[in-house]
Amino acid sequence: MATVRLFFVALKKELHLMRSYGFNTLAEFGTLALFFALLYFGAHALVGTRGNFQGTTEALILGYWIWVGLLTAFSQFTWTITTYAQQGLLEQLFMTPWQLQKVLAVEAAASFVVNTLMNLGLLLFFMLLTRHWLHLEPLTTLLLYLATLLPAYGIGYMLAGLAMRFKNIQSVFNIVQFIVIPLQALPVSTHPWLNLLPFAQGVHMLLEHTRAGTLWWQFSPAQWGILLAQAAVYLGLGLALYHRMESAARERGLLAHY
């Protein structure tokens, strides 16, 4: 029950920040929308007259949409740790009955709800812009979207641990946000060993859902098994590295320093 109350407090905080800094929220939405428009029309100008560009529109929309969700997942823990360190709140959080790890998880859940609603607005804009309407069943789409993003939260825990220990990891974050782009396009159907890496399996299943109308219960147990195993492995690795970095930061007295 206490965790539920903490979740609603975190949700209220997220909504309050979006409302208080409305210009920044609109600018973020507009920037993502503009970047997609430039990407779409640029790609259309390059290959639209030489091939079946329309056949790749679904992959472009879904790939960009998932990429935006992954950026949110990566950045959630990292920027929370960085902001709390700058504001001097890390030590205060360690003195509360809540573990910092639990606070991060609850805030990530609240952020996921808010950002998913924003991302759905982006998805609607993408379809209006391209005049290509994806056939998405809500439950299947949400399950696949969440399962695809879960490994990113594990990697987010890794980045949060590094931020707690080394404080400024902007260069690492910049590299990670672009590495995930090719990871989404890996040919996992022809090279199954690539499933050792995250994200491609989820994007592949979302494309199958869009193109063939496959619902969540029609995917094979092996497909779901791979997707959920990726989530479990990367979440486990992320938590393990986070705990290691948190312990190192506490032993060196780095929580109060930025």
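Our subject is the structure that appears above.
This structure is a prediction, so every number in the text was calculated from the model and none was measured.

Caption draft 1: Representation of the pattern of salt bridges. Per the counting criterion, the structure on display carries three salt bridges. In this structure, R250 engages E246 in a salt bridge whose closest nitrogen and oxygen atoms are separated by 3.6 Å. Of this pair, R250 and E246 both sit in helix 9 (residues 221-251), separated by four residues, roughly a single helical turn. The class of R250 is partly exposed, set by a relative accessible area of 48%. E246 sits in the buried class, given a relative accessible area of 11%.

Caption draft 2: Up close: unusual backbone geometry. At R131, a position not held by glycine, the phi torsion is positive, near 55 degrees. As for its position among the elements, R131 is in the loop between helix 5 (100-130) and helix 6 (138-166). Even without being a glycine, F199 presents a positive backbone phi close to 85 degrees. With respect to the secondary-structure elements, F199 resides in the loop between helix 7 (170-184) and helix 8 (200-212).

Caption draft 3: Representation of the layout of surface pockets within the structure. Space inside the largest pocket adds up to approximately 900 Å³. For the lining of the largest pocket, the secondary-structure elements that each account for two or more residues are helix 1 (2-20), helix 2 (22-47), helix 3 (57-87) and helix 5. The element that contributes the greatest number of residues to the lining of the largest pocket is helix 3, accounting for 10 residues. Here the residues of the lining of the largest pocket are counted per class, giving nine nonpolar, 12 polar and four charged. Taken together, 19 residues make up the lining of the second largest pocket; nearest its centre are A59, G63, I181, Q184 and A185. Only helix 2, helix 3, helix 7 and helix 8 provide two or more residues apiece to the lining of the second largest pocket. A total of five residues in the lining of the second largest pocket trace back to one element, the largest contributor, which is helix 3. For the lining of the second largest pocket, the class distribution of residues is 15 nonpolar, four polar and no charged.

Caption draft 4: Representation of the environment of A27 within the structure. Checked against the element boundaries, A27 lands in helix 2. On the accessibility criterion, A27 (32% relative accessible area) is partly exposed. In this structure the C-alpha to C-alpha distance between A27 and M205, which are 178 residues apart in sequence, comes to 31 Å.

Reading the values: the criteria
- Residues numbered from 1 in each chain as written.
- Predicted model: local features only at pLDDT ≥ 70, side-chain atom pairs only at ≥ 80, totals over all residues.
- Heavy atoms only, no water.
- Salt bridge = Lys/Arg side-chain N within 4 Å of Asp/Glu carboxyl O.
- Helix = DSSP H or I, 4+ residues; strand = E, 2+ residues; numbered from the N terminus.
- Buried < 20%, exposed > 50% of the residue type's maximum accessible area, 1.4 Å probe, protein only.
- 1 Å grid on protein atoms, 1.4 Å probe; cavity = no way out; pocket = protein on both sides within 12 Å on 5 of 7 lines; lining within 4 Å.
- Points joined across faces, edges and corners; volume = space filled by probe spheres on them.
- Nonpolar A, V, L, I, M, F, W, Y, C, P; charged D, E, K, R; others polar.

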